[in-house]
Amino acid sequence: MKVGIIGAAGRMGRMLIEATLANPETELAAAVDVPGSSLIGVDAGELVGAGKLGVTVGDDLAAVAGQADVFIDFTVPEATARNIETCRQAGSRLVIGTTGLNDEQKARLRAASEEVAICFAPNYSVGVNLCFKLLETAAAVLGDDVDIEIIEAHHRHKIDAPSGTALRMGEVVAQTLGRDLNECAVYGREGRTGERDRQTIGFETIRGGDIVGDHTVLFAAEGERVEITHKASSRMAFARGAVRAALWLGAQPKGLFDMQDVLGLAGESAGWGAR
Ligand code: NAD
């Protein structure tokens, strides 16, 4: 399958090039980054020390939209929103890893998925997606008898908080417990907060150094607590998952999917909040 990488010069973009080259079922067919980048015109293989591949990094997605079966986009929300439109017009499938999309951008994504196949997941690691499933079980068993806190840590360059994965974990738990995350989420605490309300779901964010991505969901009861933790040690976990999603998406004519669909884990309450 021919794969195009958008945001090819970025931290994830380079991993995605490597993962595409490493997978025997995928071929790198296009690479795009932001106009004005010093890396436009460079051979994509040279970005990952793989020598020349004959695929240069371009700055115009529309110009190469027909060259790949599936594009993988790990950029910034504003760019992703434009890329969704370009892919819709070109009829190209799209795997989106960008986090921090606002409601309007998610609505555009939903609309475009009526015409083309889109996979949108806040986290493409297989381990994290397994955790989403474990969280459903934990929340269903522990119910309203526990305080639930979600703690996440990422590198100092991350520009959004809490992480898309932490929010998704919150949604999975809230959905299982019949709560609306928009109403029950508490983002950080300071000063005289008063006693904790058990119906709330708390989020704490840590930013520092080169932490790839740690997430813990804490279920704290009287006398015991359960913690479900995932730690990513390399971005390659996300890149491999995104390439797996691209291969899976190749068989879908249209629709909005997430990594739970790709892994066959989608159940009653699974499915990204954009749906
Ligand atoms: P990064 O800043 O290293 O890379 C982003 C790249 O996008 C840069 O090369 C930048 O030049 C490029 N870009 C910006 N605007 C563009 C445009 N208009 N057209 C084309 N390219 C453009 O960031 P990163 O660490 O690689 O993360 C990128 C995104 O992926 C973030 O939103 C991050 O949160 C997300 N992410 C998601 C997952 C997941 O599994 N879903 C995992 C890791 C990171």
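None of the values given here were measured: they were computed from a predicted structure. (Residues numbered from 1 in each chain as written. Predicted model: local features only at pLDDT ≥ 70, side-chain atom pairs only at ≥ 80, totals over all residues. Heavy atoms only, no water.)

Ile5, Leu16, Ile17, Ile72, Val95 and Tyr124 are the most contacted members of the largest nonpolar core, which totals 37 residues. Secondary structure elements with two or more residues in this core: β1 (2–6), α1 (11–22), β2 (27–32), β4 (70–73), β6 (117–120), α8 (236–249) and α9 (259–262). Sorting elements by how many residues they give to this core places α8 first, with eight residues. Discounting chain neighbours no more than four positions away, the residues touching Ile72 are Val3, Gly4, Ile5, Ile6, Leu16, Val95, Ala242, Val243 and Ala246. Grouped together as the second largest cluster of nonpolar side chains are 23 residues, Ala166, Val172, Ala185 and Phe219 included. (Core = buried A, V, L, I, M, F, W, Y, C linked by side-chain atoms within 4.5 Å. Buried < 20%, exposed > 50% of the residue type's maximum accessible area, 1.4 Å probe, protein only. Helix = DSSP H or I, 4+ residues; strand = E, 2+ residues; numbered from the N terminus. Contact = heavy atoms within 4.5 Å.)

Axis separation between helix α3 (residues 77–90) and helix α4 (residues 103–112) bottoms out at 10 Å; the angle between their running directions is 15°. In terms of orientation, α3 lies roughly parallel with respect to α4. Crossing of α3 against α4: the hand is left-handed. Within the contact between the two elements, α3 uses Pro77, Glu78, Ala81, Ile84 and Arg88 and α4 uses Gln105, Arg108, Leu109 and Ala112. When the residues that make up the contact of α3 with α4 are grouped by side-chain class, the tally is five nonpolar, one polar and three charged. (Axes fitted to C-alpha atoms, helices over the stretch in contact; angles between N-to-C directions. Parallel < 35°, antiparallel > 145°, perpendicular 65-115°, else oblique. Left-handed = near helix turned anticlockwise from the far one by under 90°. Nonpolar A, V, L, I, M, F, W, Y, C, P; charged D, E, K, R; others polar.)

On to the site of the ligand. In the vicinity of the ligand, 22 residues are found, and the nearest of them are Arg11, Met12, Asp33, Thr99 and Tyr124. Between the ligand and Gly97 there is a distance of 3.1 Å, counted from a nitrogen atom to a backbone nitrogen or oxygen. Bound to the protein, the ligand loses 81% of the 860 Å² it would expose on its own. Looking at the shell around the ligand, the elements that each hand over two or more residues are α1 and α3. (Near = heavy atom within 4 Å. Polar contact = N/O pair within 3.5 Å; in protein donor to acceptor, adjacent residues only side chain to side chain. Areas by Shrake-Rupley, 256 points an atom, 1.4 Å probe, with all protein chains shown as cover.)

Take α3 next. Here α3 spans 20 Å end to end across 14 residues, near enough to the 20 Å set by a 1.5 Å rise per residue. Among the residues of α3, Pro77, Ala79, Thr80, Ala81, Asn83, Ile84, Thr86 and Cys87 are the ones counted as buried. Buried residues belonging to α3 abut β1, α2 (61–64), β4, β5 (93–96) and α4. Remark: Gly91 follows α3 within two positions and exhibits a positive phi of approximately 75°. (Expected span 1.5 Å × (residues − 1).)

Our next topic: the sheet that holds β1. Within the open sheet, the seven strands sit side by side as β3-β2-β1-β4-β5-β6-β12. Their pairing is parallel. The open sheet terminates on both sides in strands that have one partner only, identified here as β3 (57–58) and β12 (255–257). Bridge count between β1 and β4: four bridges; the pairing is parallel. Paired with Ile5 across the two strands is Ile72, which belongs to β4. Packing against the sheet, α1 makes contact with β1, β2 and β4, and its axis sits at approximately 170° to β1. On top of the sheet, α8 reaches β4, β5, β6 and β12; it is set at about 155° to β5, its chief contact. (Pairing = 2+ DSSP bridges.)

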